[in-house]
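The lines below spell out each chain.
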Amino acid sequence: MDLYQNVVFKLKNYWGERGCVIQEPYDVEVGAGTMAPETFLRVLGPQPYRVAYVQPSRRPADGRYGENPNRLYKHQQLQVILKPSPNDVIEQYLESLEAIGIDLRQHDIKFEEDNWESPTLGAWGIGWQVMLDGLEITQFTYFQQCGGIDLDLVPAELTYGLERLTAFLQAKDSVYDIEWAPGVSHAAVRFQDELQYSVYNFEMANVDALWKLFDLHESEAQRLLGLYPKAADKRRFPLLPTYDHVLKCSHLFNTLDSRGAISVTERVGVIARVRKVAVGVAQAWVDQQQGGR
Amino acid sequence: MSLPFLLEIGAEEIPDWMIPGALENLRALFTGLLDENKLARTHLRVDATPRRLVLRAEGLPPRQADAQELVTGPPKSAQPSAVEGFARKQGVAPEALSVQATAKGEYWGFVKTVPGRETRQILAEALPGLILKIYFPKTMYWTGRTGPRFIRPIRWLVALLGGQVTPFEIAGVRSGNLSSGHRRLGAGRVPVTTESYAEALRANFVILSAEERREKIRNESAALGAKPDPGLLETLVYITEYPTAIRGDFDPQFLSLPEEVLVTVMKHHQKYFSVVDPEGCLAPHFVAVMNTSADPEGLVRRGNERVLRARFNDARFFWDTDQHKKLADRVTDLAHVTFQAKLGNYLQKTERMEELVRRLGGDAHAQRAARLCKCDLTCELVKEFTELQGVVGGLYARAQDEPEEVTLAIYDHYKPAGMEDSIPRTRAGQLVSLADKLDTLTGCFAVGMMPTGSRDPFALRRSAQGAVKILVEGRLDLAVPELLGGDQSLRDFFEDRVRYYFKDIRGFKYDEINAVLACGWDNLADVESRLNALQQVRPTANFEPLAASFKRIKNILTQAQFEGGVAADPSRLEPGPESELHAASMTVKQLASGRPYREALEAIASLRPKVDLFFDKVLVNAPDPAVRQNRLALLHGILTEFSSIADFSEIVTNT
């Protein structure tokens, strides 16, 4: 039986040996590993890149006060980007499962159609959810578009759900029972987060304050994007900090949504606002990588 | 001599539901290729697994037949030097030329034999384009923005004509004789020949034939007690290369959750068959289909059991959470759920539906159901299993001690889900469902959101179709114009759906539908009765000839620009056929009045001999205007009197 942290070590090691830069989690709240700049910005443009990192992913609406054995406000993804995707990408992926101790001849693996789309990022891809004995363990996506831009090279994105995968390996019914480190359960490490963030998101978050923050981050991103075309030296223009404000908007949107503060009608409009700044950063980034025009 | 041909397109896992269509498309494209190149058609067989699309041709000719082609040069009258020059240019001796008569005149020329091309060469050139032309609903690129598009990346290609590779390349993949086995149980590189192909795959744990996989799943799952499910079976056939069924168990305490919820989780979320006991009750087992050969240690079974347990736990968690607030206490929460931006929220829709159900004559139960039916949209279980909306509301209503009439009406109010589905079981359910659909239809049309072409984002066609089905099959005595309001475009749209229903779903002939609808379609249950009667009477001897005569009457009246308004004066009628027709029409009028439609139509059809005789012997266009007007009035009276069930002139006859 493998500890949670060993699964992480082995996967990082496996992908490190296959040419991936092993990155650390991005330090701004994100809803998925895809949103970290290591994916969102790096998949743009013609430069090959390989990277792997664990990304804590926050989904306010999925919080359950630590009471539901399978749903988490914050779960950990191992995000792998292979740009361009190698021809044997699926074989490499399956080998990574062997590397964490899954004997695939003893198990049932299926690739079931599941195309991924993120309207807030103007991104979508084609792919599958990978099912291991009926459990979805990975989202596998060939990126087609990001920030509204058709991609030059097609990256493969592998997103492992680390808690699920470890629960599978440890045959645990609840993610809270997973052994994280020797003698330390997942609950001991993460239960407080789940409880307190659920209370905040569902009960105590101040809607007006969150809207103000949303507006502030949005206007800062817009202000910077407005300055970019006129910047004298585009190479030093702070697009990465601009993108941080986009991520803040996205997370605030998710929090407001879980608070029930966004009606279905408003939703479309707010998504469009986040998308606009996200697409703006993506376009400026492509331009900046080409040395500015 | 002919050569067997094998084409295998090896791809990453193709979505199951697209495969059958892609195979038929591949077959059609290949047939087209043979025809275009004048290669004899032969028996084609197409097969697929998730990772391969396969076409096999029994016997292709090794080359095209030689063709004879007439090559013409200068006209017959040309100088000999010009003729010699032509021969030299074509590389033939001048003696080989002769004068050829063509449509444009006489020219010097010769018949050239064009050797047929090798089939292998033709295929090598055409196959890359053909493969990339296979239609899929959604495609991707994988080698980069300028690369080819296909459903998923192509990873290998087998193309063999007889013993030889047909050489070509797509996206850097060269065709060859190497296939690939099952991802885990087979070899990565499997050399094949046209003869050994299927067996080589089988040895590598790939069952090529979908029919064989289907049989294997069907037999194994039946032996494990699975309840048959043809739709799920098809999915499983095309997500496996080597299917094997296993049975797992779940804790019987989950059986306290409603069967609908358990089955939805098993079928839609986990692709499991459910298992029923001999009495037909859900048993605490499931049948999963693996894409592998065996599960000797029970690892796969236990894994699936754990997943299902988690899913059922989720469902129970949602169920319990939802019980904290009754449906009746959720009505005001609907104000926060948007129905459609321009049409307001679900609370407003609910209030409109309550009013509508009242107008439609719904009793207290129907009105209560209308008030509660959308409340499950605020429940966790429906957010998780959206396909169970309505059903969950019904189940909650029952758990919260609402009357059974209310419960069933809520449960059924999205029915019919399609034309195959039944309408709600109770009158209250029918009225609530009807009110829901009519509210959506009138609302969307009022704000200009009508369907255009294939775009129908609010599924208004389905709503209208459902309303038609409920009105007819529920035999609801409701007037369509009052239901739809004054919007002519909605009325036209609805009429289209009425026609579609009676023609495509019920199988009535289009002219019968035209005839019946021409006499009004305010009451759709009545339309159905008239159609049935017409269909029954139509094959009788007198009917079609009479219909032809009615058409004639209509034409005569139109030509004479007869306005009607006056009845025929019996005293002016000539004795003989004219008076007899009048008398007969009076008798039939009495016979038909108040009778069921079928008897009335039979009575009307009995007029035929008198009508025939009239047209045979009497000149309508009599020289005396008074006589003429009276005859026209007689015909007009007959036409109007006997056209209340169906307008017979719409019936297409052979006479």
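Residues numbered from 1 in each chain as written. Chains lettered and ligands numbered in written order. Predicted model: local features only at pLDDT ≥ 70, side-chain atom pairs only at ≥ 80, totals over all residues. Heavy atoms only, no water.

Q: Before we move on, can you summarise the sheet that holds strand S5 (residues 98–102) of chain B with the specific residues and values?
A: Residues and elements named next belong to chain B. Read across the sheet, three strands follow the order S4-S6-S5 without closing on themselves; strand pairing throughout is antiparallel. Two strands lie at the open edges of the sheet, namely strand S4 (67–75) and S5, each paired on one side alone. On average, each strand axis in the sheet is inclined to that of its neighbour by 55°, with strand direction left out of account. As paired elements, S4 and strand S6 (residues 105–114) share seven bridges and run antiparallel to each other. What sits directly across from Pro75, in S6, is Tyr107. Seen against the sheet, helix H2 (residues 80–90) touches S4 and S6 and runs at an angle of roughly 150° to S4. (Pairing = 2+ DSSP bridges. Helix = DSSP H or I, 4+ residues; strand = E, 2+ residues; numbered from the N terminus. Axes fitted to C-alpha atoms, helices over the stretch in contact; angles between N-to-C directions. Contact = heavy atoms within 4.5 Å.)

Q: Which residues make up the packing of helix H21 (residues 577–592) of chain B against helix H22 (residues 597–605) of chain B, and what values do they have?
A: Helix packing for two helices is described by the angle between their axes and how far apart those axes are. Residue and element names in this part refer to chain B. As a packed pair, H21 and H22 sit with axes 9 Å apart at the nearest point and diverge in direction by 170°. The orientation of H21 relative to H22 falls into the category roughly antiparallel. Side by side, H21 and H22 meet where Val588, Leu591 and Ala592 of the first sit next to Ala600, Ala603 and Ile604 of the second. (Parallel < 35°, antiparallel > 145°, perpendicular 65-115°, else oblique.)

Q: Kindly report on the pattern of salt bridges, identifying the contributing residues and their values.
A: Note on pairing: side chains with opposite charge can pair once their charged atoms come close. All names here are of chain B. On inspection of all chains with the given rule, the structure shows 72 salt bridges over all chains. Arg371 is paired through a salt bridge with Glu354; the nearest N and O atoms lie 2.8 Å apart. Taken as a pair, Arg371 in helix H10 (residues 364–372) and Glu354 in helix H9 (residues 346–359) lie far apart in primary sequence, 17 residues in all. The exposure class of Arg371 is partly exposed, given its relative accessible area of 30%. For Glu354, a relative accessible area of 14% corresponds to the buried category. We note a salt bridge from Arg475 to Glu528, for which the minimum N-O separation is 2.4 Å. In this pair, Arg475 sits in the loop between helix H15 (460–473) and helix H16 (480–484) while Glu528 sits in helix H19 (residues 524–537), placing the two residues 53 residues apart along the sequence. On the basis of relative accessibility, which here comes to 42%, the residue Arg475 falls in the partly exposed class. You can call Glu528 buried: its relative accessible area is 11%. In this structure, a network of salt bridges that share partners links the residues Glu211, Arg214, Glu215, Arg218 and Glu234. (Salt bridge = Lys/Arg side-chain N within 4 Å of Asp/Glu carboxyl O. Buried < 20%, exposed > 50% of the residue type's maximum accessible area, 1.4 Å probe, protein only.)

Q: Describe the domain arrangement of chain B, naming the residues involved and giving the relevant values.
A: We note that the domain assignment places domain 1 (3–63 + 118–202), domain 2 (67–114), domain 3 (210–322), domain 4 (327–532) and domain 5 (542–650) within chain B. For domain 1 of chain B and domain 4 of chain B, the distance between their C-alpha centres works out to 48 Å. (Domains from an automatic or database assignment.)

Q: Break down the sheet that holds strand S17 (residues 282–290) of chain B for me, citing the residues and quoting the values.
A: Residues and elements named next belong to chain B. Strand order in the open sheet made by the three strands is S15-S17-S16, with antiparallel pairing throughout. Of all strands in the sheet, those bounded by a partner on one side alone are strand S15 (244–249) and strand S16 (273–276). Each adjacent strand pair in this sheet contributes to an overall mean axis angle of 35°, direction not counted. Across three bridges, the pairing between S16 and S17 is antiparallel. Residue pairing for S17: Val276 is matched across the bridge by Leu282. Against the sheet, helix H7 (residues 259–269) touches S16 and S17, its axis set at about 10° to S17.

Q: Lay out the interface of chain A and chain B in plain terms, naming residues and giving numbers.
A: For interface size, the figure often reported is the accessible area lost on association. Taken residue by residue, the interface counts 44 residues in chain A and 45 residues in chain B. Surface buried jointly by chain A and chain B totals about 3800 Å² across both partners, of which 49% is contributed by carbon and sulfur atoms. Of the charged contacts, one joins Glu112(A) and Lys271(B) as a salt bridge, the two residues approaching to 2.8 Å between their closest N and O atoms. Taken together, the elements giving at least two residues each to the side of chain A that touches chain B come down to helix H3 (89–99), strand S4 (109–113), strand S6 (123–132), strand S7 (135–146) and helix H8 (264–289) of chain A. When residues of the side of chain A that touches chain B are assigned to their parent elements, the largest contribution, five residues, is made by S4(A). (Buried area = accessible area lost by both parts, 1.4 Å probe.)

Q: Quick one: what's the story with helix H20 (residues 543–559) of chain B, residue by residue and with numbers?
A: Residue and element names in this part refer to chain B. The first and last C-alpha atoms of H20 sit 24 Å apart over 17 residues, in line with the 24 Å expected at 1.5 Å per residue. Inspection of H20 places Phe543, Leu546, Ala547, Ala548, Ser549, Phe550, Ile553, Ile556 and Leu557 among the buried residues, and these make up the whole buried set. Packed against the buried residues of H20 are H19, H22, helix H23 (608–617) and helix H24 (625–641). (Expected span 1.5 Å × (residues − 1).)

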